[in-house]
Amino acid sequence: MAKNRSSFLVSATPVSIFAHLLAIAAITLVCVWIFHFQGGVAFKSEIEQKIFNLHPFLMVIGFIVMGGEGIMAYKTVWSSRKAQKLTHLIFLLIALVSGILGVFVAFKYHHEIGLKDMLTLHSWLGMITICLFGLQWLFAFFSFWYPGAGMPTRARLVPWHAFVGMVIFLLAICTAETGLLQTFLELGLVSGREALVVNFTGLIILLYGVAVGLTAILPRT
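Residues numbered from 1 in each chain as written. Predicted model: local features only at pLDDT ≥ 70, side-chain atom pairs only at ≥ 80, totals over all residues. Heavy atoms only, no water.

- By the naming in an unreviewed UniProt entry, the protein chain is Cytochrome b561 domain-containing protein, taken from Papaver atlanticum.
- Among the UniProt annotations of the protein chain, the heading Subcellular location (unreviewed entry) holds the following wording: "Membrane".
- Under the heading Cofactor (unreviewed entry), UniProt records this for the protein chain: "heme b". (UniProt positions renumbered as here; feature names shortened; annotations may be inferred.)

Structure below.
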């Protein structure tokens, strides 16, 4: 007998609730790390670390959390299909703008301290992710929102749009993990409370990615 998504015997609702709790935990941990241990954020400052701190702040809270919310919109927004689509579009636009600003801040920080750009795997993955995310958003906007392709074309594009979107989101998760590891090593965190905060942040982000993926594939009942 053919299996379908209902064979999971679980609806998207409890998983999405868990995902939101993880999102709150990730936001809390990032804020504790940046504002308690690293001295806060600033776009312009004589303390270069404050400029860099904007990067993880924007990428985790703005890019990953908002991106995840956008992916889950079709399962968490109890309204019309058009309202779900608009919510999906807006959340992903917020994520895209946050991601672009986050990358800009990273380049600005490198310029301030005289460090060359695009030297690490994290930077490579990050640039690939942002470029793919931007192309995906533009393609989706013109295909599904305005002016919008014909219904037969949309029906053929939807599965590929969902698949590529999830791949990009998981790529963002991988990029965040490599970024946290890179920061961990650069700051020389071996033990202590800050090291625990950074490690738990990475773990929560990974679990959030899994929860978002599950929410996307499970049926809403």
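**A word on the overall build of the protein chain**
Then, number 1: On a plain count of helices and strands, the protein chain comes out with six helices and zero strands.
Then, number 2: Reading the protein chain from its N end, one meets helices and strands in the order α-α-α-α-α-α.
Then, number 3: Computed over C-alpha atoms, the radius of gyration of the protein chain comes to 19 Å, within 12% of the 17 Å expected from 2.2 N^0.38 for 221 residues, which places it in the range of a compact globule.
Then, number 4: When contacts within the protein chain are restricted to residue pairs at least 6 apart in sequence, long-range pairs at least 24 apart make up 75% of them.
Then, number 5: When the accessible surface of the protein chain is totalled, it reaches about 12300 Å², and 73% of it is carbon and sulfur. (Helix = DSSP H or I, 4+ residues; strand = E, 2+ residues; numbered from the N terminus. Rg over C-alpha atoms; globule rule 2.2 N^0.38 Å. Contact = heavy atoms within 4.5 Å. Areas by Shrake-Rupley, 256 points an atom, 1.4 Å probe, with all protein chains shown as cover.)

**Overview of the UniProt feature "transmembrane region" (unreviewed entry) in the protein chain**
Then, number 1: Those residues carrying the UniProt feature "transmembrane region" (unreviewed entry) are residues 12–35, 55–74, 86–109, 121–146, 158–184 and 196–218 in this numbering.
Then, number 2: Within residues 86–109, the helical portion is 100% and the strand portion 0%, while the C-alpha atoms at the span's ends are 34 Å from each other.
Then, number 3: Between the end C-alpha atoms of residues 121–146 there is a gap of 36 Å, over a span that is 96% helix and 0% strand.

**Description of helix H5 (residues 151–186)**
An α-helix turns once every 3.6 residues. As a result, residues three or four positions apart point the same way.
Then, number 1: Its 36 residues give H5 an end-to-end C-alpha distance of 51 Å, which sits within 8% of 52 Å, the value for a rise of 1.5 Å per residue.
Then, number 2: At Leu157, H5 is deflected by roughly 35°, the largest bend along its length, and proline Pro159 occurs up to four residues later in sequence.
Then, number 3: In the stretch just after H5, Gly188 is the one whose phi turns positive, near 70°. (Expected span 1.5 Å × (residues − 1). Bend = angle between axes of the 7 residues up to and from the residue.)

**Considerations on the pattern of salt bridges**
Then, number 1: On inspection of all chains with the given rule, the structure shows one salt bridge.
Then, number 2: Close ionic contact of Lys108 with Glu112 constitutes a salt bridge, the shortest N to O distance being 3.6 Å. In this pair, Lys108 and Glu112 both sit in helix H3 (residues 81–113), four residues apart, roughly one turn of the helix. (Salt bridge = Lys/Arg side-chain N within 4 Å of Asp/Glu carboxyl O.)

**So, a nonpolar patch on the surface**
Then, number 1: Together, Leu196, Phe200, Leu203, Leu206, Leu207, Val210, Leu214 and Ile217 line one region of the surface with nonpolar side chains, adding up to about 670 Å² of accessible area.
Then, number 2: Examined against the element boundaries, Leu207 turns out to sit in helix H6 (residues 193–217).
Then, number 3: By relative accessible area, which is 35% here, Leu207 ends up partly exposed. (Patch = residues over 30% accessible without salt bridge, like charges linked within 9 Å, V, L, I, M, F, W, Y side chains within 5 Å. Buried < 20%, exposed > 50% of the residue type's maximum accessible area, 1.4 Å probe, protein only.)

**Concerning the environment of Gly150**
Then, number 1: Along the polypeptide, Gly150 turns up in the loop between helix H4 (121–145) and H5.
Then, number 2: Between the C-alpha atoms of Gly150 and Leu89, which are 61 residues apart in sequence, the distance is 19 Å.

**Some details on the packing of H4 against H5**
Then, number 1: Two numbers describe how H4 lies on H5: the axes approach to 9 Å, and their chain directions differ by 155°. Between H4 and H5, the crossing angle belongs to the class labelled roughly antiparallel. Crossing handedness for the pair H4 and H5: left-handed.
Then, number 2: Partitioned by chemical class, the residues of the contact of H4 with H5 number 13 nonpolar, eleven polar and one charged. (Axes fitted to C-alpha atoms, helices over the stretch in contact; angles between N-to-C directions. Parallel < 35°, antiparallel > 145°, perpendicular 65-115°, else oblique. Left-handed = near helix turned anticlockwise from the far one by under 90°. Nonpolar A, V, L, I, M, F, W, Y, C, P; charged D, E, K, R; others polar.)

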